[in-house]
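Residue-level structural notes
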Amino acid sequence: MSDRLFIFDTTLRDGEQVPGCQLNTVEKIQVAKQLEALGVDVIEAGFPISSPGDFNSVIEISKAVTWPTICALTRAVQKDIDVAAEALQYAKHKRIHTGIGTSDSHIKYKFNSTREEIIERAVSAVKYAKRYVEDVEFYAEDAGRTENEYLARVVEAVIKAGATVVNIPDTTGYCLPDEYGAKIKYLMEHVDGIDKAIISTHCHNDLGMATANTISGVLNGARQVEVTINGIGERAGNTSLEEVAMILRCHHDIHIDTNINTQKIYPTSRMVSSLMNMPVQPNKAIVGRNAFAHSSGIHQDGVLKNAQTYEIIDPKDVGIDDNAIVLTARSGRAALKHRLHVLGVEMTQEKLDKVYEDFLKLADKKKDITDDDILVLAGADRNVNHHIKLEYLQVTSGVGVRSVASLGLNISGEHFEAAATGNGPVDAAIKAVKQIIKRQMTLKEFTIQAISKGSDDVGKVHMQVEYDGQMYYGFGANTDIIAASVEAYIDCINKFRK
Ligand code: KIV
Ligand code: ZN
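Report on the accompanying structure. What you see is a predicted model; the values in this text were computed from it and never measured. (Residues numbered from 1 in each chain as written. Chains lettered and ligands numbered in written order. Predicted model: local features only at pLDDT ≥ 70, side-chain atom pairs only at ≥ 80, totals over all residues. Heavy atoms only, no water.)

Among the nonpolar cores identified, the biggest contains 110 residues, and Ile70, Phe138, Val155, Val166, Ile168, Ile265 and Leu336 are the most heavily contacted of them. In this structure Val155 touches Val166, Ile168, Leu187, Val191, Ile194 and Ile199, once residues within four positions along its chain are discounted. Counting 30 residues, the second largest nonpolar core, distinct from the first, contains Ile430, Ile436, Ala484 and Ile493. (Core = buried A, V, L, I, M, F, W, Y, C linked by side-chain atoms within 4.5 Å. Buried < 20%, exposed > 50% of the residue type's maximum accessible area, 1.4 Å probe, protein only. Contact = heavy atoms within 4.5 Å.)

Take the site of ligand 1 next. Residues in close proximity to ligand 1 include Arg13, Asp14, His97, Tyr139, Glu141, Asn167, Pro169, Thr171, His202 and His204, which together make up its full environment. A distance of 2.9 Å separates an oxygen atom of ligand 1 from a polar side-chain atom of Arg13. Here an oxygen atom of ligand 1 and a side-chain polar atom of His202 are 3.1 Å apart. When the free accessible area of ligand 1 is taken as 260 Å², the share hidden by the protein chains comes to 93%. Among the elements of the structure, strand S6 (135–141) and strand S7 (165–170) are those that each provide at least two residues to the shell around ligand 1. Each residue belonging to the shell around ligand 1 can be placed in one class, and the counts come to two nonpolar, five polar and three charged. (Near = heavy atom within 4 Å. Polar contact = N/O pair within 3.5 Å; in protein donor to acceptor, adjacent residues only side chain to side chain. Areas by Shrake-Rupley, 256 points an atom, 1.4 Å probe, with all protein chains shown as cover. Helix = DSSP H or I, 4+ residues; strand = E, 2+ residues; numbered from the N terminus. Nonpolar A, V, L, I, M, F, W, Y, C, P; charged D, E, K, R; others polar.)

Where helix H10 (residues 265–275) meets helix H14 (residues 371–378), the axes come as close as 10 Å, and the angle between the chain directions of the two elements is 40 degrees. Comparing the axis directions of H10 and H14 gives the class oblique. Handedness of the H10/H14 crossing: right-handed. Counting all contacts with H10, which are made through Arg270, Met271 and Ser274, the residues of H14 involved are Asp372, Leu375 and Val376. (Axes fitted to C-alpha atoms, helices over the stretch in contact; angles between N-to-C directions. Parallel < 35°, antiparallel > 145°, perpendicular 65-115°, else oblique. Left-handed = near helix turned anticlockwise from the far one by under 90°.)

Bringing a nonpolar patch on the surface into the picture now. A cluster of nonpolar residues, Leu443, Phe446 and Ile448, forms a patch on the protein surface that exposes about 230 Å² of accessible area. Mapping Leu443 onto the fold places it in strand S14 (residues 441–450). (Patch = residues over 30% accessible without salt bridge, like charges linked within 9 Å, V, L, I, M, F, W, Y side chains within 5 Å. Salt bridge = Lys/Arg side-chain N within 4 Å of Asp/Glu carboxyl O.)

Position of Glu141 relative to the elements: it lies in strand S6. For Glu141 and Tyr180, which are 39 residues apart along the polypeptide, the C-alpha to C-alpha distance reads 14 Å. When neighbours within four sequence positions are excluded, Glu141 is seen to be in contact with Ile100, Gly101, Thr102, Ser103, His106, Lys110, Thr146, Pro169 and Thr171.

Once that is clear, we can look at the sheet that holds strand S5 (residues 94–101). By definition, the strands of a sheet pair up through backbone hydrogen bonds, in either a parallel or an antiparallel sense. Strand order around the closed barrel formed by eight strands is S2-S3-S4-S5-S6-S7-S8-S9, with parallel pairing between neighbours. Pairwise comparison of adjacent strand axes, ignoring direction, gives a mean angle of 25 degrees for this sheet. Contacts between helix H7 (residues 177–190) and the sheet are confined to S7 and strand S8 (198–203), with S8 contributing the most and set at about 160 degrees to the helix. (Pairing = 2+ DSSP bridges.)

Any two aromatic rings considered together are summarised by their centre-to-centre distance and by the angle between their planes. One pass over the full model with this rule turns up four aromatic pairs. Ring centres of Tyr128 and Tyr132 lie 6.0 Å apart, and the angle between their planes is 85 degrees; on these two criteria the pair is classed as edge-to-face. Under the relative-accessibility criterion, Tyr132 is labelled partly exposed at 41%. With a centroid separation of 5.7 Å and an interplanar angle of 25 degrees, the aromatic rings of Tyr356 and Phe359 are classed as stacked. Taken together, the residues span about one helical turn, with Tyr356 and Phe359 both in helix H13 (residues 349–365) at a distance of three residues. (Phe/Tyr/Trp six-rings, centres within 6.5 Å; stacked < 30°, edge-to-face > 60°.)

A separate point is the side chain of His202. Relative to the elements of secondary structure, His202 occurs in strand S8. For His202, the side chain forms a polar contact with the side chain of Glu226, separated by 2.8 Å. The contact partners of His202, leaving out residues within four places of it in the chain, are Arg13, Asp14, Asn167, Ile168, Pro169, Asp170, Tyr180, Glu226 and Asn238.

What follows concerns the pairing of strand S16 (residues 470–478). If a strand is regular, its side chains alternate between the two faces of the sheet. For strand S15 (residues 459–467) and S16, the ladder comprises nine bridges, and the chain directions are antiparallel. When the bridges of S16 are listed, Tyr467 appears paired with Gln470. Connecting S15 to the next strand, S16, in antiparallel fashion are two residues, including Asp468 with a positive phi near 50 degrees.

With 13 residues, helix H2 (residues 52–64) extends 18 Å between its outermost C-alpha atoms, agreeing within 8% with the 18 Å of an ideal straight helix rising 1.5 Å per residue. If you check which residues of H2 are buried, you get Asp54, Phe55, Ser57, Val58, Ile59, Ile61 and Ser62. On its buried face, H2 is in contact with helix H1 (25–38), strand S3 (42–46), strand S4 (69–73) and helix H3 (78–87). (Expected span 1.5 Å × (residues − 1).)

A few words now on the pattern of salt bridges. Throughout the structure, instances matching the rule amount to 26 salt bridges. Across the salt bridge formed by Lys185 and Glu189, the nearest N and O atoms sit 3.3 Å from each other. Taken together, the residues Lys185 and Glu189, both in helix H7 and four residues apart, mark about one turn of the helix. The residue Arg333 makes a salt bridge to Asp353 at a minimum N-O spacing of 2.9 Å. Linking Arg333 in helix H12 (residues 333–342) with Asp353 in helix H13, this pair joins segments that are 20 residues apart in sequence. The exposure class assigned to Arg333 is partly exposed, which follows from its relative accessible area of 38%. Three or more residues are tied together by salt bridges with common partners; here these are Arg13, Asp14 and Glu44.

In this structure, Thr258 sits in the loop between strand S10 (256–257) and H10. Taking the C-alpha atoms as reference points, Thr258 and Phe6, 252 residues apart in sequence, are found 6.4 Å from one another. Those residues in contact with Thr258, other than ones at most four positions away along the chain, are Leu5, Ile7, Leu248 and Arg249. At 3.2 Å, the side chain of Thr258 forms a polar contact with the backbone nitrogen of Ile260.

So, on to the sheet that holds S14. Taken in spatial order, the three strands line up as S14-S15-S16 in an open sheet, and their pairing is antiparallel. In the strand order of this sheet, the two ends are held by S14 and S16, each with one partner. Looking at each pair of strands side by side, their axes are set apart by 15 degrees on average, direction ignored. For S14 and S15, the ladder comprises nine bridges, and the chain directions are antiparallel. Following the sheet pairing, Met441 is matched in S15 by Tyr467.

So this is what it looks like as structure tokens:
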């Protein structure tokens with residue numbers, strides 16, 4: 001008989017804090033429904049006091065999903081807790097996640113406080129949250145660098161105050177797996193009343209140890225893990241859900257399992273990557289493009305004889321189906337609708353008609369339409385409200401000649417044209433845009449990625465542009481990589497605050 005491990009997904013809170021990955025409420029609902037289908041136990045839907053957008057998303061996600069507990073983050077501050085409780089009013093199962101920094105550096109530099117006062121603030125936040133909900137989770141921020149003896153006192157005090165779950169975050173991703181596991185073990189052995197609460201892991205990946213630390217925490221008694229899809233999150237990210245779920249599935253000997261429907265892992269990964277415009281590194285465990293690609297002759301030979309020789313996971317178990325129907329120009333609306341449904345995307349008939357129209361245009365340009373193409377098409381209307389739009393673009397480039405670009409922009413209904421030369425077609429096109437948009441902006445990052453394979457593929461471009469001391473993130477997707485680059489650049493400009 002296996003022990004049950006609860007999966008707490010924070011893609012929509014800690015994951016969404018990544019600059020440039022912000023989702024609107026409709027997109028968050030789409031992800032939340034997919035997380036529900038995936039089988040997560042808790043969805044951390046946002047930090048309601050941080051913005052009206054976050055507040056609204058918690059409300060709408062609460063209405064949209066049924067089974068998972070909806071969790072809202074707060075600081076150990078009464079106003080935060082009031083607002084979180086209000087945002088959770090429609091949740092069928094609700095949890096408030098409150099907490100405070102417990103490491104000496106947080107106590108001294110963040111709060112200019114003392115250890116005793118921090119315990120008092122932690123206890124009163126938990127008691128205050130208990131007025132609203134039964135299920136209260138407490139986080140001891142920077143627990144990874146908090147001395148174990150003091151941490152045990154904090155944990156004991158908040159459990160006594162009514163915390164049902166206690167989160168031990170390695171906020172800075174500092175701990176070694178043995179050290180983090182020993183911390184959880186110490187708490188399991190030294191905290192009076194530890195059996196009244198679930199201990200949760202929350203590991204960051206700054207030193208590439210988030211998953212190892214999480215598993216070490218689980219082996220030492222934690223029964224909830226806080227994770228994100230594709231391991232996204234601030235800086236180097238959080239522990240990735242798919243890695244933890246598949247480690248436990250592969251290592252039956254641990255006798256701990258989750259409620260995750262592993263066949264939904266890959267579609268969920270693609271959806272999150274596509275909606276957040278956050279590419280998955282090709283060699284990412286479980287969901288990376290190369291995760292199951294055997295290129296060496298010895299490996300290929302072994303896999304052909306028997307997949308078990310080099311594969312510890314059957315790709316189908318995580319929802320990768322190489323035989324899945326590929327859509328082409330001959331596919332009808334119903335086939336597109338079905339594929340969107342499999343990918344977790346539902347839409348109105350009107351929007352489906354528009355996506356189908358775009359689908360046919362794309363199918364004219366490239367033979368096979370992949371799931372990633374479909375997700376890009378489904379999200380294309382994100383730009384409809386942009387006040388600057390690319391009307392046309394013409395470039396000439398080649399070897400031994402200087403590239404020339406001419407383009408037209410529509411800015412709030414007015415038409416502008418410019419032409420420029422550059423050391424390549426993208427450089428020329430960006431210079432032409434700059435002639436029209438006369439602002440002091442600097443291109444800081446520029447990545448081009450083909451969605452799948454083939455010279456007819458759709459290229460995705462991510463850009464970061466610095467303007468007026470702020471960083472803006474843009475995205476473009478097009479079979480013409482120069483057009484995708486200009487679209488990404490314009491996407492950044494459309495987001496400028498002034
Ligand atoms: O990393 C962290 O400490 C957190 C807490 C707010 C839970 O995200
Ligand atoms: Zn975190």
